[in-house]
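Observations on the model geometry
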Amino acid sequence: MKIVEKIRLSSITCSDRRMDIIDDNYLLDTPINKYKVKCESCRFPDIDKTPDPYYLAQNRVFTGIEIMEADLGNLFISGRLKKIFEILFPGSCTYKKTYIQGTSISTNWWLAIPVNKVISGEVKNKIPRCKKCNEPLHAHPGSQYKSWTDFFEGENDIIKSENWYSTDEEDWKRSWLGRDIFLSVRLILLLKKIGAKGIYQYHQYGSPKFTLTKSEKEWADEAITKIGDLAISNTRKEITAADITKMMNALNVKKIN
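A brief look at the structure comes next. (Residues numbered from 1 in each chain as written. Predicted model: local features only at pLDDT ≥ 70, side-chain atom pairs only at ≥ 80, totals over all residues. Heavy atoms only, no water.)

With respect to helix H3 (residues 214-227)
- Its 14 residues place the ends of H3 20 Å apart at the C-alpha level, agreeing with the 20 Å of an ideal helix rising 1.5 Å per residue.
- Taken together, the buried positions of H3 are occupied by Glu216, Trp219, Ala220, Ala223 and Ile227. The arc that holds every buried residue of H3, seen down its axis, measures 100°, which confines them to one face. Relative to its buried face, H3 has exposed residues pointing more than 90 degrees away, namely Lys214, Glu222 and Thr225.
- Phi for Gly228, located one or two positions after H3, is positive at around 60°. (Helix = DSSP H or I, 4+ residues; strand = E, 2+ residues; numbered from the N terminus. Expected span 1.5 Å × (residues − 1). Buried < 20%, exposed > 50% of the residue type's maximum accessible area, 1.4 Å probe, protein only. Arc of directions from axis to C-beta.)

Now the structure itself:
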């Protein structure tokens, strides 16, 4: 009998929440990409069928960032990280090119869609559901979930939640839906070691302290050897005068004395 190694996973969040999700026009409630309707009764979308082509908001470029959260439990990653994921975690994600909103101009971001899913929370029984598809009519994680976890053990390094949540407490259609994405603690360590910035390990009061184990540290070192030159980041980290000018123009910021 093969013994499957248990891998510690944690939910993640962006290193700078001001960046938020770049496939939204503004914050989290105005998604650019439209999902097909799955249930004609409650209009719930098919959240497992990712739109193609997949668009990003205009003027969203972040110097030095290689990995970010995407909508509905997916990830945006650089070309370097895509190659690394394919070497270390073959079959864990499917990948789509991304395009500037409303154009055929491709961006440097890849959309990584985790294949493996986990139930990370359970909605309270009293929450009304669609009589046809049985999806909750709203599912706010703070008040309408009876259980929720952001840390667990699994068999894969990249997983997203099967369940979803809404920011509105009365009707998901008045806001939008979200899903959690989990990365293994050892993968988060590897990202730090190779200088891939953009996300960090989410920690909530009452969660266990994430002390790295010897095996997790050894795995990260072995992974660096396995990926070879890909461990060296060529991402430009400095901010130039041209970057500042471009940002000022995009945000319509005027220079004052």
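Focus on the side chain of Ser166
- Tracing the sequence through the fold places Ser166 in strand S12 (residues 165-166).
- Separated by 2.9 Å, the side chain of Ser166 and the backbone nitrogen of Ala139 make a polar contact.
- At 3.0 Å, the side chain of Ser166 forms a polar contact with the backbone oxygen of Asp168.
- For Ser166, the contacting residues outside a window of four places in its chain are His138, Ala139, His140, Pro141, Trp172, Ser175, Trp176 and Leu177. (Polar contact = N/O pair within 3.5 Å; in protein donor to acceptor, adjacent residues only side chain to side chain. Contact = heavy atoms within 4.5 Å.)

Comments concerning the sheet that holds strand S2 (residues 54-56)
- Ordered in space as S2-S5-S6-S4-S3, the five strands form an open sheet in which the pairing is mixed. For this open sheet the edge positions go to S2 and strand S3 (67-69), each flanked by a neighbour on one side alone. With direction set aside, neighbouring strand axes in the sheet form an average angle of 35°.
- Sheet strands touched by helix H1 (residues 79-88): S3, strand S4 (75-77), strand S5 (93-100) and strand S6 (106-114). Its angle to S4, the strand with the most contacts, is close to 110°. (Pairing = 2+ DSSP bridges. Axes fitted to C-alpha atoms, helices over the stretch in contact; angles between N-to-C directions.)

Digging into the nonpolar core
- In terms of nonpolar packing, the biggest core is built from 28 residues, with Ile67, Leu75, Phe85 and Leu183 touching the most fellow members.
- Listed by contribution, the elements that provide at least two residues to this core are S4, H1, strand S14 (181-184), helix H2 (185-193) and H3.
- If one sorts the elements of this core by residue count, H2 sits on top with five residues.
- For Phe85, the contacting residues outside a window of four places in its chain are Ile67, Leu75, Ile77, Pro90, Tyr95, Ile158 and Leu187.
- Among the nonpolar cores identified, the runner-up in size contains 25 residues, and Phe44, Tyr54, Ala70 and Val123 belong to it. (Core = buried A, V, L, I, M, F, W, Y, C linked by side-chain atoms within 4.5 Å.)

Purely spatial values, then, with no claim about function.
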